[in-house]
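An overview of the molecular structure
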Amino acid sequence: MTAETLIILLYVLVLSTFVGFELISKVPPTLHTPLMSGSNAISGITIVGAILASGPDPGAFPIAKILGLIALILATVNVVGGYLVSDRMLKMFKKKK
Amino acid sequence: MDKNIVIQLTYLLSSILFIVGIKMMGKTATARNGNALSAVAMLIAVGITLVNQSILSYTEIFVGILIGSAIGAYFAQKVEMTQMPEMVAIFNGVGGAASTFVAISEYARVHQSPESLDFTIGISLLISVLIGSVTFTGSYIAFAKLKGIMKGGSITFKGQHQVNAILFLIMILACIMTLIDPQNELFIYTVLFLSLLLGVLTVIPIGGADMPVVISLLNSYSGIAAAATGFVLGNQVLIITGALVGSSGIILTQIMCKAMNRSLVSVLLGGFGQTATSGPSASSSDIVVKEVGVEETAMIFDSASNVIIVPGYGMAVAQAQHIVRELMELLEKKNINVKFAIHPVAGRMPGHMNVLLAEANVPYDKLVEMEQINDEFSNCDVCLIIGANDVVNPAAKTNPSSPIYGMPVLNVEKSRTVIVSKRSMAAGYAGIENELFGADNCLMLFGDAKSTLTTVVTEIKNM
């Protein structure tokens, strides 16, 4: 990785952390549990990394591919489970009719 | 156009949708759509990654995604709302493990190649392994504690902090060695093993009322691990979303700490409730309580005009949320004003009570936060406390020697009558005695919350 790329990625990291702080500090306590399971699902974004790790031709490194596939299954559990369970919760939040 | 540019622009689109989705999750009316939007963002990110030309074998990937989706969907449908903290803990652990596996896989691929391990990639890789592993084992310890497989309280032993510090130093040393000599696999596996161990060791001393803090903190870790993986792969979408989750977890952690008047450091050092559990029997005998029967309870409710219900984790354990809703509807039919007072750390995770009551069809505008409702207790005729203990303990305001002194609590004792529905006189989760139960205006309604309240509801109906 070149120093330039690293700096750009660090900018991305710092700025999105600030965006995160801005967004989340306004969330009311009622929504904290769904928010947590929702953000949990989002942290399953590692699925992208898992695909990249399990995708290429294994060639000389079959271990890398196997580990990638395990990561892929785990990340998918995280993503699918997290979103579905958040949706189940949010479906229940109703205002008085 | 270059294929790579298309891929990068699609990642950008995905990141925008994630941010908008999280923003929408901040309002009850739009939260469900926000969650769906962030799921779409995820789908786009996955879809465009599959287009990547270095990917040759789609069969295994689809099989992997299929297996993972099936497992995830099964648990998401099956889990009870009372068990949401355990569920979040498990999913957190799975996410952490995934980050670790990606990092180790990347290591297995690059460390033998001639250009060897780049310094910055090496550091990111090690951070990803470290935080991912700590999240993984830490979450499973948290899960075991919540589930009752493991003792829920704090587990401490002599020299615990020293042992942790030494293990941490060895791990840092192994990290440095990995960077110096990436070819030697021994070093990175030492890092892996010690991180897994540290995850266990750092969570076992945390117990009792501190559990919601740990869940929030581990949530943050899983995001940081994803962001570190993003640096390994040079992928912005991982960094952006990882940072969003990381900051969200930190904010929730701060809110929880503030609600308990505890610093994050003291939570992490553990040992909560230790001093209190050592000698509680002496003080418990000093408290003389007044018992109340179901008929009398029904009569007290009938003559009230303002009722505040304070739910705690005990309500979830007794599965009493549905009968509580019935009680609320019945009282409202009699023109009695009913509100719910929600303490920020009631339950085992942030917002736990809100979800349980929502499941029981209690409209969310009935649930009032502590700061808003604390002045209303003086106008309240009957305050019904169901399975809550530490969050209504006046010792937090009056007794400087109490372990929870300084923690903001609900001013329930200001109500004309306080009725406490409780199984027995056992101390709360924090293991502290509650002098509220001995107060003049406090009546104890002993028994399982669900069955006693069911009888109370029938009694009121028959009036």
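Residues numbered from 1 in each chain as written. Chains lettered and ligands numbered in written order. Predicted model: local features only at pLDDT ≥ 70, side-chain atom pairs only at ≥ 80, totals over all residues.

A few words on the overall build of chain B. Along its length, chain B carries 19 helices and 7 strands. Principal axes of the C-alpha set define a box for chain B whose edges measure 85 × 55 × 35 Å. Put simply, of all contacts in chain B between residues at least 6 apart along the chain, 79% involve residues at least 24 apart. (Helix = DSSP H or I, 4+ residues; strand = E, 2+ residues; numbered from the N terminus. Contact = placed C-beta atoms within 7 Å.)

On to the overall build of chain A, then. Looking only at helices and strands, one finds 4 helices and 0 strands in chain A. Relative to the 2.2 N^0.38 estimate, which gives 13 Å for 97 residues, the radius of gyration of chain A is 18 Å and therefore markedly larger than a compact globule would have. If you line up chain A on its principal axes, its C-alpha atoms span 65 × 30 × 15 Å. For chain A, long-range pairs separated by at least 24 residues make up 66% of all intrachain contacts whose partners lie at least 6 apart in sequence. (Rg over C-alpha atoms; globule rule 2.2 N^0.38 Å.)

So, about the packing of helix α4 (residues 62–92) of chain A against helix α4 (residues 84–110) of chain B. Axis separation between α4 of chain A and α4 of chain B bottoms out at 8 Å; the angle between their running directions is 155°. Judged on the interaxial angle alone, α4 of chain B and α4 of chain A are roughly antiparallel. Where α4 of chain A crosses over α4 of chain B, the handedness of that crossing is left-handed. Of the residues assigned to the contact of α4 of chain A with α4 of chain B, the class counts are 18 nonpolar, 6 polar and 1 charged. (Axes fitted to C-alpha atoms, helices over the stretch in contact; angles between N-to-C directions. Parallel < 35°, antiparallel > 145°, perpendicular 65-115°, else oblique. Left-handed = near helix turned anticlockwise from the far one by under 90°. Nonpolar A, V, L, I, M, F, W, Y, C, P; charged D, E, K, R; others polar.)

Glancing now at the sheet that holds strand β4 (residues 367–369) of chain B. Within a sheet, adjacent strands bond to each other through the backbone by hydrogen bonds, running parallel or antiparallel. Residues and elements named next belong to chain B. Read across the sheet, 7 strands follow the order β1-β7-β6-β5-β2-β3-β4 without closing on themselves; strand pairing throughout is parallel. A single partner strand is all that each edge strand has here, and the edge strands are β1 (290–291) and β4. Inspection of the sheet shows strand β3 (residues 337–342) paired to β4 by 3 bridges, in the parallel sense. In the sheet register, Ile342 faces β4, and the bridge partner there is Glu369. Its contacts with the sheet place helix α13 (residues 294–302) against β2 (306–311), β5 (382–386), β6 (417–422) and β7 (442–446), and it is angled at close to 140° to β6. Against the sheet, helix α16 (residues 352–359) engages β2, β3 and β4, with an angle of about 145° to β3. (Pairing = 2+ DSSP bridges.)

Residue and element names in this part refer to chain B. With domains assigned, chain B is organised as domain 1 (1–78), domain 2 (84–269) and domain 3 (280–461). One C-alpha centre belongs to domain 2, the other to domain 3, and the line joining them spans 37 Å. It is helix α9 (residues 236–260) that contributes the most residues to the side of domain 2 that touches domain 3, 5 residues altogether. (Domains from an automatic or database assignment.)

Take the nonpolar core next. Ranked by internal contacts, the top residues of the largest apolar core, which has 185 residues, are Ala71 of chain A together with Val191 and Val310 of chain B. Considering each element in turn, this core owes the most residues, 17 residues, to α4 of chain A. (Core = buried A, V, L, I, M, F, W, Y, C linked by C-beta atoms within 7 Å. Buried ≥ 20, exposed ≤ 12 C-beta atoms within 10 Å, placed from the backbone.)

Residues and elements named next belong to chain B. Counted residue by residue, β2 has 5 buried out of 6 residues, so it is predominantly covered. Bridge analysis of β2 against β3 gives 4 bridges, and the strand direction is parallel. Bridge assignment links Ile309 to a residue of β3, and that residue is Phe340. With 5 bridges joining them, β2 and β5 adopt parallel strand pairing.

At their nearest, the axes of helix α2 (residues 32–43) of chain A and α9 of chain B sit 9 Å apart, and the two run at 150° to each other. As the angle between them shows, α2 of chain A and α9 of chain B are arranged roughly antiparallel. Judged by the sense of rotation from one axis to the other, the crossing of α2 of chain A with α9 of chain B is left-handed. Facing His32, Leu35, Met36, Ser39, Ile42 and Ser43 of chain A of α2 of chain A, the residues of α9 of chain B in contact are Thr241, Gly242, Leu244, Val245, Ser248 and Leu252 of chain B. Residue classes in the contact of α2 of chain A with α9 of chain B are distributed as 6 nonpolar, 6 polar and no charged.

This paragraph deals with the interface of chain A and chain B. Taken together, the contact pairs 77 residues of chain A with 96 residues of chain B. Put simply, the parts of the chain that give the side of chain A that touches chain B at least two residues each are α1 (3–24), α2, α3 (46–54) and α4 of chain A. The leading source of residues in the side of chain A that touches chain B is α4 of chain A, at 28 residues. Residue classes in the side of chain A that touches chain B are distributed as 45 nonpolar, 24 polar and 8 charged.

Moving on, we come to unusual backbone geometry. All names here are of chain B. Residue Asn335 is not a glycine yet carries a positive backbone phi of 60°. Within the element layout of this structure, Asn335 appears in the loop between α15 (321–333) and β3. Residue classification places Asn335 among the exposed positions, given that 7 C-beta atoms sit within 10 Å.

Residue and element names in this part refer to chain B. The first and last C-alpha atoms of helix α6 (residues 160–180) sit 31 Å apart over 21 residues, in line with the 30 Å expected at 1.5 Å per residue. Those residues of α6 that sit buried are Met171, Ala174, Cys175 and Thr178. Around the axis of α6, the buried residues are gathered within 105° of arc, so they sit on the same side. Summarising the geometry of α6, the exposed residues directed more than 90 degrees from the buried face are Gln162, Ala165, Ile166, Leu169, Ile176 and Ile180. (Expected span 1.5 Å × (residues − 1). Arc of directions from axis to C-beta.)

Looking now at the environment of Ala316 of chain B. Residues and elements named next belong to chain B. For Ala316, the location among the structural elements is in helix α14 (residues 313–317). Look at Ala316 and you get buried, because 26 C-beta atoms sit within 10 Å. Along the chain, Ala316 and Gly347 lie 31 residues apart, while their C-alpha atoms are 8.1 Å from each other. Dropping the residues within four chain positions of it, Ala316 is found in contact with Thr82, Gly347 and Leu356.

Residue and element names in this part refer to chain B. Position of Asn261 among the secondary structure elements: in the loop between α9 and α10 (264–269). Asn261 sits 198 residues away from Val63 along the chain, and the two C-alpha atoms are 48 Å apart. The residues touching Asn261, leaving out its near neighbours within four places in the chain, are Gly406, Met407 and Pro408.

The next point concerns helix α7 (residues 185–203) of chain B. Residue and element names in this part refer to chain B. For α7, which comprises 19 residues, the first-to-last C-alpha distance of 28 Å matches the rise-based estimate of 27 Å (1.5 Å per residue) to within 8%. When α7 is considered as a whole, its buried residues turn out to be Phe187, Ile188, Val191, Leu192, Leu194, Ser195, Leu196, Gly199, Leu201, Thr202 and Val203. Packed against the buried residues of α7 are α4, α5 (119–147), α6, α8 (211–233) and α10.

This paragraph deals with the confidence of the model for chain B. Detailed conclusions should not be drawn from predicted coordinates in areas where pLDDT is low. When pLDDT is averaged across chain B, the result is 87; 93% of the residues are at 70 or more. Note that residues 273–284 of chain B has pLDDT below 50 and, in this model, 21 contacts with residues that lie over four places away or in other chains. (pLDDT = per-residue confidence, 0-100.)

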